[in-house]
Amino acid sequence: SDPSYEGAYSYSGNYFIELNANEFSSIYQDFTATPGGEVVISFAHRARWYGNDVMSVEIGHDGTFSTVTTASDDSVGWGYYTVPYTLPIGGSSTFTIRFTAVSSGSGSPTVGNFIDDVSVSLQPPDVSLTGTNATCPGSDDGSATATVTGGAIPYQYTWTDGAGTGALAAGLGPGDYTCTVTDANGCVDSATVTITEGTGPSLSLQSTPASCHDGAD
């Protein structure tokens, strides 16, 4: 719509969307995220004419939709909403956000429910490393493991010196190793771990003098 369509200016930018288009309709957008992670959904909503227009916001996953929130606003001004939501655990990493017109203050299904400035914010990936040191001087049997939270699966792992391509890097000698993780949305995080050289076994000797001259005890 024009940014000043019927006296309504866009909340952000130059355009906004009207959900009611000859009927109570919906719009949707797919996004990629890690099941069980948290997203923050933000949007602006207002009525077109008089009374309150009402819409629902839903998240879909593997064919099942759950209502996140509903929005009810008049035509005096935009209502702005910020809603945290924890995604379902398990299943695929593809989710759908859907905005559906529920009712129009005018009573007509052909008009109403303006929305604008929609965003779905995901937690960025956060990588941490744990290391197992080499056992002996000169040995290359250390290892490092990357643990990632947030972001969107699948993750890509890049280790310095080509130490590994997955979450585990093995056969490491003493030194510093950095793992860079890139998630499915291109967000990046990295961490560094230090592998130290082991001391190896320690040997000590004790002696007991012979009991007499030329004795062998």
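Further up the page is the structure itself.
Definitions and limits used
Residues numbered from 1 in each chain as written. Predicted model: local features only at pLDDT ≥ 70, side-chain atom pairs only at ≥ 80, totals over all residues. Heavy atoms only, no water. Salt bridge = Lys/Arg side-chain N within 4 Å of Asp/Glu carboxyl O. Helix = DSSP H or I, 4+ residues; strand = E, 2+ residues; numbered from the N terminus. Buried < 20%, exposed > 50% of the residue type's maximum accessible area, 1.4 Å probe, protein only. Disulfide = S-S within 2.5 Å. Pairing = 2+ DSSP bridges. Core = buried A, V, L, I, M, F, W, Y, C linked by side-chain atoms within 4.5 Å. Contact = heavy atoms within 4.5 Å.

**Quick look at the pattern of salt bridges**
Move 1: Considering all chains together, one arrives at two salt bridges under this definition.
Move 2: Here Glu18 ties to Arg48 by a salt bridge, and the two come within 2.9 Å at their closest N and O atoms. Of this pair, Glu18 sits in strand E3 (residues 17-18) while Arg48 sits in the loop between strand E5 (38-46) and strand E6 (53-61); the two residues are 30 residues apart in sequence, bridging distant segments of the chain.
Move 3: Given a relative accessible area of 12%, Arg48 falls into the buried group.
Move 4: Glu58 is the partner of Arg98 in a salt bridge, and the nearest nitrogen-oxygen pair spans 2.9 Å. With Arg98 in strand E9 (residues 94-103) and Glu58 in strand E6, this pair connects stretches of sequence that are 40 residues apart.
Move 5: You can call Glu58 buried: its relative accessible area is 13%.

**Here we look at the side chain of Ser143**
Move 1: The residue Ser143 is located in strand E12 (residues 142-149) in this model.
Move 2: Looking at Ser143, the relative accessible area reads 18%, which means it is buried.

**Observations concerning the state of the cysteines**
Move 1: Counted under the stated rule, the structure contains zero disulfides.
Move 2: Cys179 forms no disulfide, and the closest cysteine sulfur to it belongs to Cys187, at a distance of 16 Å.
Move 3: Judged by its relative accessible area of 0%, Cys179 is buried.
Move 4: Of the residues examined, Cys187 reaches a relative accessible area of 34% and is grouped as partly exposed.

**Brief notes about the pairing of E6**
Move 1: With nine of nine residues buried, E6 is to be regarded as a mostly interior element.
Move 2: Here E6 shows a buried face lined by Asp53, Met55, Val57, Ile59 and His61 and a second buried face lined by Val54, Ser56, Glu58 and Gly60.
Move 3: Here E6 runs beside strand E7 (residues 64-73); their pairing, made up of nine bridges, is antiparallel. Bridge pairing links Val57 to Thr69 in E7.
Move 4: With antiparallel pairing between neighbouring strands as the criterion, E6 and E7 make up a hairpin whose turn holds two residues, including Asp62 at a positive phi of roughly 50°.
Move 5: Where E6 and E9 come together, eight bridges link them in antiparallel fashion. If you follow Gly60 over to E9, its bridge partner there is Thr96.

**Details of the nonpolar core**
A general tendency of soluble globular proteins is for nonpolar side chains to be buried together.
Move 1: Among the nonpolar cores identified, the biggest contains 20 residues, and Phe31, Ile41, Phe43, Met55, Ile59, Leu87 and Phe99 are the most heavily contacted of them.
Move 2: Looking at this core, the elements that each hand over two or more residues are E5, E6, E7, strand E8 (79-86) and E9.
Move 3: For this core, the leading source of residues is E9, giving four residues.
Move 4: Among all residues touching Met55, those that are not within four sequence positions of it are Leu19, Phe43, His45, Thr70, Ala71, Phe99, Thr100, Ala101, Val102, Asn113 and Ile115.

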